[in-house]
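Each chain is listed here by its residues.
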Amino acid sequence: MIKKIKYIEVRSSRIVEEIFSGEYHSGFKGKGMEFQDIREYYAGDDIRNIDWNVTARHNKAFVKQFCEERQLNMFLLIDISKSNCFSNKKEIIAEISATLALSANKNKDKIGAMLFTDRIEKFIPSKNGKKHVLSIIEHILTLKPKSQNTDINCVLKHFIRTQKKRSIVFIISDFLDEGYDRELKILSSKHDLVMVRVVDKGEERIPAGAIFSFEDLETGKTIVLDNLKNQYSQNNSLKMYKKNMIEIYTDEDYYKPLKQFFKRRDRK
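Quick notes on the rules
Residues numbered from 1 in each chain as written. Predicted model: local features only at pLDDT ≥ 70, side-chain atom pairs only at ≥ 80, totals over all residues. Heavy atoms only, no water. Helix = DSSP H or I, 4+ residues; strand = E, 2+ residues; numbered from the N terminus. Buried < 20%, exposed > 50% of the residue type's maximum accessible area, 1.4 Å probe, protein only. Contact = heavy atoms within 4.5 Å. Areas by Shrake-Rupley, 256 points an atom, 1.4 Å probe, with all protein chains shown as cover. Pairing = 2+ DSSP bridges. Axes fitted to C-alpha atoms, helices over the stretch in contact; angles between N-to-C directions. Phe/Tyr/Trp six-rings, centres within 6.5 Å; stacked < 30°, edge-to-face > 60°. Left-handed = near helix turned anticlockwise from the far one by under 90°. Arc of directions from axis to C-beta. Polar contact = N/O pair within 3.5 Å; in protein donor to acceptor, adjacent residues only side chain to side chain. Right-handed = clockwise from strand over helix to strand, strands pointing away. Expected span 1.5 Å × (residues − 1). Salt bridge = Lys/Arg side-chain N within 4 Å of Asp/Glu carboxyl O. Core = buried A, V, L, I, M, F, W, Y, C linked by side-chain atoms within 4.5 Å.

This next bit is on the overall build of the protein chain. Per the secondary structure count, the protein chain includes nine helices and twelve strands. The buried share among the 268 residues of the protein chain stands at 44%. Intrachain contacts of the protein chain at a sequence separation of at least 6 include 71% that bridge at least 24 residues. A total of about 14,900 Å² of accessible surface is found on the protein chain, and carbon and sulfur atoms cover 49% of it.

Among all residues except glycine, the phi angle is most often negative; among peptide bonds, the trans geometry is most common. With a phi close to 60°, Asn59 is a non-glycine residue in the positive phi region. By secondary structure assignment, the location of Asn59 is in the loop between α3 (52-58) and β2 (62-69). Classification of Asn59 by relative accessible area gives exposed; the value is 71%.

Right, let's get into the environment of Asn88. By the secondary structure assignment, Asn88 is in the loop between β3 (73-79) and α4 (89-106). The partly exposed category is assigned to Asn88, whose relative accessible area is 31%. C-alpha separation for the pair Asn88 and Val199, spaced 111 residues apart in sequence, amounts to 9.7 Å.

Residue placement: Leu156 occurs in helix α6 (residues 152-162). Judged by its relative accessible area of 0%, Leu156 falls in the buried class.

Bringing the sheet that holds β3 into the picture now. Spatially, the six strands line up as an open sheet ordered β5-β4-β3-β6-β7-β12, and their pairing is mixed. Only two strands of the sheet have a single neighbouring strand rather than two, namely β5 (120-127) and β12 (245-249). On average, adjacent strands in this sheet sit at an angle of 15° to one another, irrespective of strand direction. Alignment of β3 against strand β4 (residues 110-116), held across seven bridges, turns out to be parallel.

All right, on to the packing of aromatic side chains then. Under the counting rule described, the total for this entry stands at five aromatic pairs. Geometrically, the ring pair formed by Tyr254 and Tyr255 is edge-to-face, given 6.3 Å between the ring centres and 75° between the ring planes.

Here we take up the packing of α6 against helix α7 (residues 181-190). When two helices pack together, their arrangement is given by the angle between their axes and by how far apart the axes lie. At a minimum axis distance of 9 Å, the contact between α6 and α7 shows a crossing angle of 35°. α7 is crossed by α6, and the crossing has left-handed handedness. Residue-level inspection shows Asn153, Leu156, Lys157, Phe159 and Ile160 of α6 in contact with α7, the latter providing Glu183, Leu184, Ile186, Leu187 and Lys190.

With that settled, the discussion passes to α6. An α-helical turn contains 3.6 residues, so a residue and the one three or four places further along point in the same direction. For α6, every residue scored as buried is listed here: Ile152, Asn153, Val155, Leu156, Phe159 and Ile160. The buried residues of α6 occupy an angular sector of 165° when the element is viewed end-on, so they sit on one face. Its buried side turned inward, α6 meets β3, β4, β5, β6 (168-173) and α7. One side-chain oxygen of the residue at the start of α6 lies 3.2 Å from the amide nitrogen of Asn153, identifying that residue as Asp151.

Counting buried positions along strand β7 (residues 192-199) yields eight of eight residues, so the element is predominantly enclosed. Of the strand pairs in this sheet, β6 and β7 are connected by six bridges, and their pairing is parallel. Of the residues in β7, the one forming a bridge with Ser173 is Arg197. Each parallel crossover has a hand, and the one from β6 via α7 to β7 is right-handed.

Glancing now at helix α1 (residues 2-18). Spanning 17 residues, α1 covers 24 Å between terminal C-alpha atoms, matching the ideal 24 Å at 1.5 Å per step. Three or more residues of α1 are buried, namely Ile5, Ile8, Glu9, Arg11, Ser12, Ser13, Ile15 and Val16.

Under the counting rule described, the total for this entry stands at twelve salt bridges. With its nearest N and O atoms 3.4 Å apart, the salt bridge here joins Lys6 to Glu9. With Lys6 and Glu9 both in helix α1, this residue pair falls three residues apart, about one helical turn. Owing to a relative accessible area of 47%, Lys6 belongs among the partly exposed residues under this scheme. Several salt bridges converge on common partners, so that one network encompasses Lys6, Glu9 and Lys130.

The next thing to look at is the nonpolar core. Of all hydrophobic cores here, the largest spans 40 residues; its most connected members are Leu76, Ile96, Leu100, Phe170 and Ile172. When residues in this core are grouped by element, the largest group, nine residues, is from α4. Those residues in contact with Ile96, other than ones at most four positions away along the chain, are Ile172, Val196, Val198, Ile248 and Tyr254. Core analysis: the second largest hydrophobic core is formed by 18 residues, Met114, Phe159, Ile171 and Leu184 among them.

Shape is all these values report; function is a separate question.
In structure tokens:
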């Protein structure tokens, strides 16, 4: 397990350094501007920034300089239900979480996490620091949930009720659940919401020409699907959230869709 955590740390750190350099910073803006310094006025400077008190004392114009009030708060809502053990989804979710958290940490932002099934399995308060990020990765890989089921509605309600400070919220899940549209809308009105959908192609599309028998990973029930004639594809009700959605398939490099998403945000 220590080797696995170290591998994820090294791989995610490399991706942050080589691929996400500047992408996270420009993709998520600060909350405002804060005073930084005073310097002499130059032609073309905004006259609204002139500090008239300093100007009067020195008999020449000085302007105030401002910088972006940077420190943000990121929360990762991570689905650790049984369906996310299908294929290699769990390891990919850990790597995505590590990449996002290390990007935030590099920009000195705080990172918190909620690991959930149909309940809150683990709450990790917001902090910064690499040691804190590694503890989040460790919990994703080692936490044994009390439940195997999924209830996205439950975690959204809990987050809305308990987290009042505006945050960047990443929900990382396969979203194999229903009945959480209302809470998604409420959360997106109060926070900067991004949905990261991690899915295996085998969960989305079933080829025609056979009758399939499936076992539900979360409930243990057997489901028989007659797909002799038509290719079955899962109904995706998440299309309305496409602008705030990153889709990541388990057989592809996850950093490419992440980078594309950050570039889209930077162009806003």
